[in-house]
Amino acid sequence: MMMQLLKRVSALLLAVSFFLPLTQCSQKLGDTSPPVTVSASNAYEWPSLLSAVVLLLFFWPLVLQLWSAIKRIRITSRKASWIEFGLSILSLAGIAGIALPWMLTFGASIRYGAFVASGSVLAYGTASLVEAVQTGTRPLRRGGQVSRPDSPI
């Protein structure tokens, strides 16, 4: 139950961090223009393939958690937890893929949105990993039906 709560809170924080600033470009000496702040929502032009990928990187956990809450089901399979863990790693790499080019190219500094996004993905991934390790697998009967632990296969 605690892992489910952690996953829901971190999914919500990740979705909120989509609108928070990830990086901010510094000004050059003598430049009077305001610094450019980049968030995930304005990192790429809308609509484009990259903007859709960024949207998925930030909102897939929230969609899974809302679906689970609406259907009142709890995904407890080991395979699903490992998939969520893998998707968390991909999301973390995607967040770094948004922030790092700005830092390396334009000398941008990391803002609080990047920390919130990275922390929430790490929390979600850790909770998924703990669920994957703790979840026991039950053998399958022929035909794909789950057998009871006390029944012969």
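Because the structure is predicted, anything quoted here is derived from the model rather than measured. (Residues numbered from 1 in each chain as written. Predicted model: local features only at pLDDT ≥ 70, side-chain atom pairs only at ≥ 80, totals over all residues. Heavy atoms only, no water.)

**Q** Residue-level account of the overall build of the protein, with values.
**A** The helix and strand inventory of the protein stands at four helices and three strands. Every one of the 153 residues in the protein was classed for burial, and the buried ones make up 33%. Intrachain contacts of the protein at a sequence separation of at least 6 include 70% that bridge at least 24 residues. Summed over all atoms, the accessible surface of the protein reaches about 9,800 Å², with 69% contributed by carbon and sulfur. (Helix = DSSP H or I, 4+ residues; strand = E, 2+ residues; numbered from the N terminus. Buried < 20%, exposed > 50% of the residue type's maximum accessible area, 1.4 Å probe, protein only. Contact = heavy atoms within 4.5 Å. Areas by Shrake-Rupley, 256 points an atom, 1.4 Å probe, with all protein chains shown as cover.)

**Q** Residues and numbers for the environment of S41, please.
**A** Within the secondary structure layout, S41 lies in the loop between β2 (37-39) and α2 (49-71). Not counting the four nearest positions on each side in its chain, S41 is found in contact with F18, F19 and W46.

**Q** Run through α2, naming residues and quoting values.
**A** Residue F59 marks the point of greatest curvature in α2, where the axis turns by about 50°; the proline P61 follows within four residues. Along α2, the residues that are buried comprise S51, V54, L57, F58, W60, P61, L62, Q65 and S68. (Bend = angle between axes of the 7 residues up to and from the residue.)

**Q** Mind laying out a nonpolar patch on the surface, listing which residues take part and the relevant values?
**A** Together, M2, L5, V9 and L13 make up a nonpolar patch on the protein surface, roughly 400 Å² of accessible area in all. The residue L5 is located in helix α1 (residues 2-16) in this model. (Patch = residues over 30% accessible without salt bridge, like charges linked within 9 Å, V, L, I, M, F, W, Y side chains within 5 Å. Salt bridge = Lys/Arg side-chain N within 4 Å of Asp/Glu carboxyl O.)

**Q** Outline the nonpolar core, supporting the account with residue identities and numerical values.
**A** Ranked by internal contacts, the top residues of the largest apolar core, which has 14 residues, are L14, L22, A40, V54, F58, I95 and I98. Sorting the residues of this core by element identifies α2, α3 (78-106) and α4 (112-134) as the ones contributing at least two each. Among the nonpolar cores identified, the runner-up in size contains five residues, and A11, A15, L62 and Y124 belong to it. (Core = buried A, V, L, I, M, F, W, Y, C linked by side-chain atoms within 4.5 Å.)

**Q** Residue-level account of the sheet that holds strand β1 (residues 21-24), with values.
**A** Reading across from one edge, β2-β1-β3 is the order of the three strands in this open sheet, with antiparallel pairing throughout. In the strand order of this sheet, the two ends are held by β2 and β3 (109-110), each with one partner. With three bridges joining them, β1 and β2 adopt antiparallel strand pairing. Its bridge partner being in β2, P21 is matched across the sheet by S39. Contacts between α4 and the sheet are confined to β1 and β3, with β1 contributing the most and set at about 135° to the helix. (Pairing = 2+ DSSP bridges. Axes fitted to C-alpha atoms, helices over the stretch in contact; angles between N-to-C directions.)

**Q** Hey, could you go over the pairing of β1 for me, with residue numbers and the actual values?
**A** In the sheet, β1 pairs with β3 via two bridges, with the strands oriented antiparallel. Looking across to β3, one finds that Q24 is bridged to S109.

Scope: geometric values only; no functional claims are made or implied.
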